[in-house]
Amino acid sequence: MGASVSLSETRHIVLMGVCGCGKSTVGDALARVTGLAYVDGDDLHPPANISKMRNSVPLDDADREPWLLECGRRLRAAPEGLILGCSALKRRYRDLIRSAAVQPAPAFVYLHGSKSLLQARLDGRANHFMPNALLESQLATLEIPSPVERGITVSIDQPAEAIALQIAARLALGGPSIANVAGPDPASQCT
Ligand SMILES: Nc1ncnc2c1ncn2[C@@H]1O[C@H](COP(=O)(O)OP(=O)(O)OP(=O)(O)O)[C@@H](O)[C@H]1O
Ligand SMILES: O=C(O)[C@H](O)[C@@H](O)[C@H](O)[C@H](O)CO
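Each chain has its residues counted from 1, following the order in which its sequence is written. All chains are assigned letters beginning at A, and all ligands numbers beginning at 1, according to the order in which they are written. Totals for whole chains, interfaces and linings use all residues, but because this is a predicted model, local features are given only for residues with pLDDT of at least 70 and pairs of side-chain atoms are given and counted only at 80 or more. Side-chain figures throughout are based on the complete set of non-hydrogen atoms in the structure, without hydrogens or water.

The chain appears in an unreviewed UniProt entry as Gluconokinase from Poseidonocella pacifica. UniProt positions are given in the numbering used here, feature names are shortened, and annotations may be inferred rather than shown by experiment. UniProt annotates the chain under Sequence similarities (unreviewed entry) with the comment "Belongs to the gluconokinase GntK/GntV family." Listed in UniProt under the heading Pathway (unreviewed entry), the comment for the chain reads: "Carbohydrate acid metabolism."

Rendered as structure tokens:
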């Protein structure tokens, strides 16, 4: 249903999903593929949020609001386009980002993986402030982006480079060689 038509002009991409889904890893790969810059939402949190997460306390809506608005402002400050990694777990969080961002609204790329894969990825990660125990609350909070939100879903059960190429193809971000590598489109979830 026309994903690449309505999304083809998109140069603002939010890589979203729960902790450990690969936002930073895929963000770096997508930046290499597209030439767009990548900004990690983890770097935009106020210190109080980081310290809360370090202490295994999930953030609440009030904690997240200023951070989400800052994420949106970063998108707006990059008219040439930007890849942003941000959990953006709820629809109303994405509304906040959109309210501060650009027109056309950013595409939201939901990085989907099973709980067991996410757990394994988190178990294999070292030196990160986010405790693995917060995965449960992130999954409970997650609302998958709907088609009207310019959302697409991509499986994380593949190498990061392949994920990046698939995103670039589905959003028509790259040149003709990229356009040929799109994997199967699980997403009639696209607009
Ligand atoms: N496609 C992939 N294949 C294999 N390993 C991956 C893949 N994507 C990410 N990883 C690994 O999984 C772990 C989590 O990835 P990453 O830190 O990028 O997730 P994240 O969504 O940015 O996490 P957070 O939200 O907690 O910051 C890292 O150790 C990373 O190297
Ligand atoms: O919404 C949230 O609870 C937070 O933003 C987290 O998702 C972190 O930013 C990140 O995932 C930690 O690694």
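A. Broad picture of the nonpolar core. Only buried residues count toward a nonpolar core. Its members are Ala, Val, Leu, Ile, Met, Phe, Trp, Tyr and Cys residues joined through side-chain atoms within 4.5 Å. When accessible area is computed with a 1.4 Å probe and restricted to protein chains, residues below 20% of their type maximum are described as buried, those above 50% as exposed, and intermediate ones as partly exposed. I13, L15, L30, C86, V109, L111 and I167 are the most contacted members of the largest nonpolar core, which has 56 residues in total. Ranked by residues supplied to this core, first place goes to strand 4 (residues 107-112) with 5 residues. Segments assigned H or I by DSSP are reported as helices when at least four residues long, segments assigned E as strands when at least two residues long, and all are numbered from the N terminus.

B. Broad picture of unusual backbone geometry. For the peptide bond that leads from Q103 to P104, omega is -5 degrees, which places it in the cis range. Turning to its location among the elements, P104 is positioned in the loop between helix 5 (91-100) and strand 4. A positive phi is found at S56, a non-glycine position, where the angle reads about 65 degrees. Take S56: it is sitting in the loop between helix 3 (47-54) and helix 4 (61-76). Since its relative accessible area comes to 37%, S56 is described here as partly exposed.

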